Amino acid sequence: MSPSAKYVRLDLNSPEFQQSWVELEADDAERVRAALKKILKLTWQDIHKDKGLHWEKIQSIQPPTDVDALYTFRLSKSARAVGYRHGNYLRVLLVTADHDGAYGKK
């Protein structure tokens, strides 16, 4: 295993994520960037234990057929993200300042 393989890698290519990130207020967008930078320094074991990220399986949304489960995690006090694990990648699908929006509730 290469040294970088043990750390989580990020996939931020979802158009929904990109659109939702750029629509955040500047301060929130910067806090999200800092949290993503932090995630790059973590292993999957760290992600699951990190109390600041508050990693949770989403029960209220059925994941796509090729995805085991969707998860939500905190990126700042006001922003949460939705994503899933694909191998060593965290594929981030959406970031929202609306807490309930991360769980599919409106």
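Coordinates for the structure precede this section.
Residues numbered from 1 in each chain as written. Predicted model: local features only at pLDDT ≥ 70, side-chain atom pairs only at ≥ 80, totals over all residues. Heavy atoms only, no water.

Asker: I would appreciate a short explanation of the side chain of Asp50 in the present structure.
Answerer: Tracing the sequence through the fold places Asp50 in the loop between helix H3 (44-49) and strand E2 (56-57). Looking at Asp50, its side chain comes within polar contact range of the side chain of Lys38, at 3.0 Å. In contact with Asp50, not counting residues within four places along its chain, are Lys38 and Leu42. (Helix = DSSP H or I, 4+ residues; strand = E, 2+ residues; numbered from the N terminus. Polar contact = N/O pair within 3.5 Å; in protein donor to acceptor, adjacent residues only side chain to side chain. Contact = heavy atoms within 4.5 Å.)

Asker: Can you help me understand the side chain of Arg91 in this one?
Answerer: Looking at the element boundaries, Arg91 is found in strand E5 (residues 89-96). At 2.3 Å, the side chain of Arg91 and the side chain of Asp11 are in polar contact. Looking at Arg91, its side chain comes within polar contact range of the side chain of His86, at 2.8 Å. Other than its neighbours up to four places away in sequence, Arg91 contacts Asp11, Val82, Gly83, Tyr84 and His86.

Asker: Hey, could you run me through the pattern of salt bridges in this one?
Answerer: Opposite charge on two side chains lets them pair, provided their charged atoms get close. Taken as a whole, this structure holds five salt bridges when the rule is applied. The closest approach of N and O atoms between Arg31 and Asp28, which form a salt bridge, is 2.9 Å. Linking Arg31 with Asp28, this pair stays in helix H2 (residues 26-39), spanning three residues, or about one helical turn. Judged by its relative accessible area of 12%, Asp28 falls in the buried class. The salt bridge partner of Lys38 is Asp50, with a shortest N-O separation of 3.0 Å. Here Asp50 lies in the loop between H3 and E2 and Lys38 lies in helix H2, a separation of 12 residues in the sequence. Take Lys38: its relative accessible area is 34%, and that puts it in the partly exposed class. Residue class for Asp50 comes out buried when judged on its relative accessible area of 17%. (Salt bridge = Lys/Arg side-chain N within 4 Å of Asp/Glu carboxyl O. Buried < 20%, exposed > 50% of the residue type's maximum accessible area, 1.4 Å probe, protein only.)

Asker: Explain unusual backbone geometry here, please?
Answerer: Note: most residues except glycine have negative phi, and most peptide bonds are trans. A positive phi is found at His54, a non-glycine position, where the angle reads about 50°. As for its position among the elements, His54 is in the loop between H3 and E2.

Asker: How should the sheet that holds E5 be read in this particular structure?
Answerer: Overall, mixed pairing links the five strands, which are arranged E1-E5-E4-E3-E2 in an open sheet. Each end of this open sheet is capped by a strand with a single partner; those strands are strand E1 (9-11) and E2. Pairing geometry for E2 and strand E3 (residues 71-74), over two bridges, is antiparallel. Within E3, the position partnered with Lys57 by the bridge is Tyr71. (Pairing = 2+ DSSP bridges.)

Geometric values such as these leave the question of function open.
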